Amino acid sequence: MKKIQMVDLKGQYEGIKNQVNNSFQEVLENTSFINGPEVHNFQSELEKYLGVNHVIPCANGTDALQIAMMGLGLKPGDEVITVDFTFAATVEVIALLGLTPVLVDVEKDSFNIDPVAIKNAITPKTKAIVPVHLFGQSANMDGVMEIANEHNLYVIEDNAQAIGANYHFKDGSIKKTGTIGHIGTTSFFPSKNLGCYGDGGALFTNDEKLAHTIRGIVNHGMYERYHHDVVGVNSRLDSLQAAVLRAKLPNLDAYNNARRNAAKLYSEKLRRNKNIQAPTIVGDDDTHVFHQYSLRILNGKRDELLKHLQSKDIPCGIYYPIPLHSQKAYKDNRYNEGDFKNTNELVKEVIALPMHTELEEEQINYITQTINDFI
Ligand SMILES: *Cc1c(COP(=O)(O)O)cnc(C)c1O
């Protein structure tokens, strides 16, 4: 059996090696390292794939979130509602811009933002909601958009973990996650479902005016060379990274299917264990692209299992071990522990198993056997 890895970027590289190497060579020859043809071509290919009018590449997923909030003109004092159970980048940029993060609880099954909790957190200062499609599964966007429309709020989808997922609306229509709210953001960090070989990110929007504003913000607030109309940032995707992403994009659906198949196999082998809650797919299969495969361990033995798996050379991770509302940087007197019942439990229960496009059945059998023997 091959050595088990949490993420296997090397194995995936083998499949696109020629294309990546040739494109790298081309970029090196023509030296258009910034804003070269690779970046422009990737941008339009991603627009086509997502079915969105505008993709604006930037330097990373955290920048994308910050630029989204700048683009919407959010001002200090404005409140932005997001989840307590996510990677810190989401809340970090809210705080950095002097906005007020308002953290809310997630649903226990989907790990995603709870529309009821959003409703309860709205005040006259609320300006935006940031749902995170956590672990690769779409949040309840019917619920989020309904509340946003009712209260006239912006929606920024943090799609860093779910690129390629579909959301099925109640009316039967389907859209890619990240293209539903006013702005979607993503990260091309190497381990993400569509990852480059360094840092990268992008924003998506169907709003032409907003797209124009954002294109200026990523480039020092310039709409005309050396005319700085707004305060901007320097946030670019470079041509070498775009070349990797162009090689991977045509394979994204196949990559996501490989992840889904691995998840299916995991769940088949673990479902009968009453101390384990396998991930719940809320709705159709294609709403989940399994950035992570996170189990809930219900008998209090999560930490022991973690150590046991490590001793058997099975890597695993805890996403996330501490709720954001309990982090020193994001404490706020307005929070009550009772408002975060689900996050407070999930942080003690979740454990993520190896998940990537190169997992083999033999490896999954070994991992699940080891878990079932222990739990
Ligand atoms: C990875 C990630 C980000 C940040 O992306 P970077 O490219 O690392 O800046 C933001 N939000 C979520 C949910 C993520 O998983």
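One can find the structure itself at the top, above this paragraph.
Residues numbered from 1 in each chain as written. Predicted model: local features only at pLDDT ≥ 70, side-chain atom pairs only at ≥ 80, totals over all residues. Heavy atoms only, no water.

Observations regarding the site of the ligand
Near the ligand lie 13 residues; those nearest to it are Gly-61, Thr-62, Asp-158, Ser-187 and Lys-192. Protein chains shield 91% of the accessible area of the ligand, which is 380 Å² for the free molecule. Broken down by secondary-structure element, the contributors of at least two residues to the shell around the ligand are helix 3 (61-71) and helix 4 (89-96). Of the residues belonging to the shell around the ligand, the class tally is 4 nonpolar, 7 polar and 2 charged. (Near = heavy atom within 4 Å. Areas by Shrake-Rupley, 256 points an atom, 1.4 Å probe, with all protein chains shown as cover. Helix = DSSP H or I, 4+ residues; strand = E, 2+ residues; numbered from the N terminus. Nonpolar A, V, L, I, M, F, W, Y, C, P; charged D, E, K, R; others polar.)

Thoughts on the sheet that holds strand 2 (residues 79-83)
Within the open sheet, the 7 strands sit side by side as 1-9-8-5-4-2-3. Their pairing is mixed. Of all strands in the sheet, those with a lone pairing partner are strand 1 (54-58) and strand 3 (100-104), marking the two edges. Geometrically, the sheet is characterised by an average inter-axis angle of 25° between neighbouring strands, direction not taken into account. Summarising the sheet, strand 4 (residues 126-130) and strand 5 (residues 154-158) pair through 2 bridges and their orientation is parallel. Paired with Ala-128 across the bridge in strand 5 is Tyr-154. Where helix 3 meets the sheet, it contacts strand 1, strand 4, strand 5, strand 8 (183-187) and strand 9 (201-205), and its direction lies at approximately 160° from that of strand 8. In the packing of helix 6 (residues 141-151) onto the sheet, the strands contacted are strand 4 and strand 5, and the crossing angle to strand 5 comes to about 155°. (Pairing = 2+ DSSP bridges. Axes fitted to C-alpha atoms, helices over the stretch in contact; angles between N-to-C directions. Contact = heavy atoms within 4.5 Å.)

Observations concerning the pattern of salt bridges
Inspection of the entire model under this criterion finds 13 salt bridges. A salt bridge links Glu-14 to Lys-17; the nearest nitrogen and oxygen atoms lie 4.0 Å apart. With a gap of 3 residues between them, Glu-14 and Lys-17 both fall in helix 1 (residues 9-30), about one helical turn apart. You can call Glu-14 partly exposed: its relative accessible area is 42%. A relative accessible area of 32% places Lys-17 in the partly exposed class. The closest approach of N and O atoms between Arg-334 and Glu-79, which form a salt bridge, is 3.4 Å. Of the two residues, Arg-334 sits in the loop between helix 10 (302-311) and helix 11 (341-349) while Glu-79 sits in strand 2, which places them 255 residues apart along the sequence. Given the relative accessible area of 38%, Arg-334 is considered partly exposed. Exposure remark for Glu-79: the relative accessible area of 6% places this residue in the buried category. Each of the salt bridges in this network shares a partner with another, and the network as a whole consists of Lys-10, Glu-14 and Lys-17. (Salt bridge = Lys/Arg side-chain N within 4 Å of Asp/Glu carboxyl O. Buried < 20%, exposed > 50% of the residue type's maximum accessible area, 1.4 Å probe, protein only.)

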